[in-house]
Amino acid sequence: MSDFIALWPQSASAYSGRLDLLMWIFTALVVALSAPVFVLLAYFAWKYRAGRDADRSDRVNRNTWLEISWALIPFILVVALFVWSTRMFFTVHEPPSDAMEINVVAKQWMWKFEHASGQREIDELHVPVNEPVRLSMASQDVIHSLYIPALRLKQDVVPGRYTSLWFTADKPGTYALACAEFCGANHSEMTGRFIVMEKPAFAEWLEQAGTDISLPAEGEALFRSNGCSGCHGPAATVHAPDLDGLYGRPVPLSDGSIVTADDQYIRDSILLPQSQIAAGYPQIMPTFKNVLSEDEVMKLVAYIKSLGASGEQP
Ligand code: CUA
């Protein structure tokens, strides 16, 4: 039995504990609902075997309530599990607003992690204990899937869109991290370490992994070096949308619809500028597809975010 339990992955968050509980209850329910069928199957096979003197008369004794109950009770239990698991699913996709942001870029065959203060790591993710962390993930090439068994979390990382996950790790330690979507020849080597640290140790690690350049600052440098400031800067003569206070604001588009300026909108505006044209502006923004990598775009998004939301400067 102890060997069997050792096969169970370690648990490093409150979420993983709740998910294990759901797993066990679901397993218990499935066994409770299907075991009687198999036990009775075996019993009747024995009872009515060829040559045995059993009562084979066709007795008509219906019990309506019994029949309703064995359809209805499993139905209610299964619906209850559905509601419970769906709520857990949504929990993972609704991060608290104070979550620490970490950008993730997947590419054949590595994981790149970028902390808000600019620290970068490859195939290793350091996080502080008991602090909500939100991962914003993009793929540079094909579909990958970030899998952290200790958190019981797995999320596809899809080219062309951002996906996200959040968690609060509650146990310091070193755990496994892997790609769970076949992504080419070296898929099996796309693994890494997920390291949960006590807060002072994490602060020290950040210090050591140090960089003086935060993500928004790196974004600002890219904003200048790629010529974005030529049109979007305060001194620009071209009629381009002002990006101050853009983040989180509703943007009217030329086709009459309104979108919210979130990470995805900003990314698409940089890489696929023809797809969503802000109302009242000419269609002159060039695409930066094949010019900027996903992590550079993430830095630009961080910079535009730092310009404040809804007109407020940070
Ligand atoms: Cu990346 Cu499998």
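Residues numbered from 1 in each chain as written. Predicted model: local features only at pLDDT ≥ 70, side-chain atom pairs only at ≥ 80, totals over all residues. Heavy atoms only, no water.

### Observations regarding the pattern of salt bridges
Right, so step 1: In total, this model carries 15 salt bridges according to the counting rule given.
Right, so step 2: The shortest N-O distance in the salt bridge between Glu-101 and Lys-305 comes to 3.8 Å. Placement of Glu-101 in strand β1 (residues 100-107) and of Lys-305 in helix α8 (residues 294-306) is noted, with a sequence separation of 204 residues between them.
Right, so step 3: Judged by relative accessible area, Glu-101 falls into the partly exposed class, the value being 28%.
Right, so step 4: Ionic pairing is found between Glu-220 and Arg-224, a salt bridge with its closest N-O pair at 2.9 Å. Taken as a pair, Glu-220 and Arg-224 lie in helix α5 (residues 215-225) at a separation of four residues, close to a single helical turn.
Right, so step 5: For Glu-220, a relative accessible area of 30% corresponds to the partly exposed category.
Right, so step 6: Judged by relative accessible area, which is 49%, Arg-224 ranks as partly exposed.
Right, so step 7: Each of the salt bridges in this network shares a partner with another, and the network as a whole consists of Glu-101, Arg-134, Asp-263 and Lys-305. (Salt bridge = Lys/Arg side-chain N within 4 Å of Asp/Glu carboxyl O. Helix = DSSP H or I, 4+ residues; strand = E, 2+ residues; numbered from the N terminus. Buried < 20%, exposed > 50% of the residue type's maximum accessible area, 1.4 Å probe, protein only.)

### Points about the confidence of the model for the protein chain
Right, so step 1: Across the protein chain, the average pLDDT comes to 84, with 96% of residues at 70 or higher.
Right, so step 2: Least confident of the elements in the protein chain is helix α1 (residues 2-7), whose mean pLDDT is 56; most confident is strand β6 (residues 144-148), at 93. (pLDDT = per-residue confidence, 0-100.)

### Notes on the nonpolar core
Right, so step 1: Of all hydrophobic cores here, the largest spans 39 residues; its most connected members are Trp-111, Leu-135, Phe-167 and Phe-194.
Right, so step 2: Every residue in contact with Leu-135, bar those within four places of it in the chain, is listed here: Ile-102, Val-104, Leu-125, Leu-146, Thr-163, Ser-164, Leu-165 and Phe-167.
Right, so step 3: Residues Leu-253, Ala-278, Leu-300 and Ile-304 belong to the second largest nonpolar core, which totals 27 residues. (Core = buried A, V, L, I, M, F, W, Y, C linked by side-chain atoms within 4.5 Å. Contact = heavy atoms within 4.5 Å.)

### Considering the packing of aromatic side chains
Right, so step 1: Taken as a whole, this structure holds eight aromatic pairs when the rule is applied.
Right, so step 2: Note on Phe-44 and Tyr-48: the rings are 6.0 Å apart at their centroids and 35° apart in plane angle, and the pair reads as tilted.
Right, so step 3: What makes Phe-44 partly exposed here is its relative accessible area of 38%.
Right, so step 4: By relative accessible area, which is 34% here, Tyr-48 ends up partly exposed.
Right, so step 5: Ring geometry for Tyr-175 versus Phe-194: centroids 6.2 Å apart, planes at 40°, classification tilted. Taken as a pair, Tyr-175 in strand β9 (residues 173-179) and Phe-194 in strand β10 (residues 191-197) lie far apart in primary sequence, 19 residues in all.
Right, so step 6: Judged by its relative accessible area of 7%, Tyr-175 is buried.
Right, so step 7: Within the aromatic cluster, the residues linked to one another by ring pairs are Tyr-43, Phe-44, Trp-46 and Tyr-48.
Right, so step 8: The ring of Trp-46 is capped by Arg-52, whose NZ or CZ atom sits 4.9 Å from the centre of that ring.
Right, so step 9: One Lys or Arg, Lys-154, reaches over the ring of Tyr-147 and ends 4.7 Å from the middle of that ring. (Phe/Tyr/Trp six-rings, centres within 6.5 Å; stacked < 30°, edge-to-face > 60°. Lys NZ or Arg CZ within 6 Å of the ring centre and 35° of its normal.)

### Re the packing of helix α2 (residues 14-47) against helix α3 (residues 64-92)
Any two packed helices are characterised by the angle at which their axes cross and by the distance between the axes.
Right, so step 1: For the pair α2 and α3, the least separation of the axes is 11 Å and the interaxial angle reads 160°. With respect to their mutual orientation, α2 and α3 come out roughly antiparallel. Relative to α3, the crossing made by α2 is left-handed. Along the contact surface, α2 presents Tyr-15, Arg-18, Leu-19, Leu-21, Leu-22, Ile-25, Phe-26, Leu-29 and Leu-33, while α3 presents Pro-74, Leu-77, Val-78, Leu-81, Trp-84, Ser-85, Met-88 and Val-92.
Right, so step 2: Tallied by class, the residues present in the contact of α2 with α3 amount to 15 nonpolar, one polar and one charged. (Axes fitted to C-alpha atoms, helices over the stretch in contact; angles between N-to-C directions. Parallel < 35°, antiparallel > 145°, perpendicular 65-115°, else oblique. Left-handed = near helix turned anticlockwise from the far one by under 90°. Nonpolar A, V, L, I, M, F, W, Y, C, P; charged D, E, K, R; others polar.)

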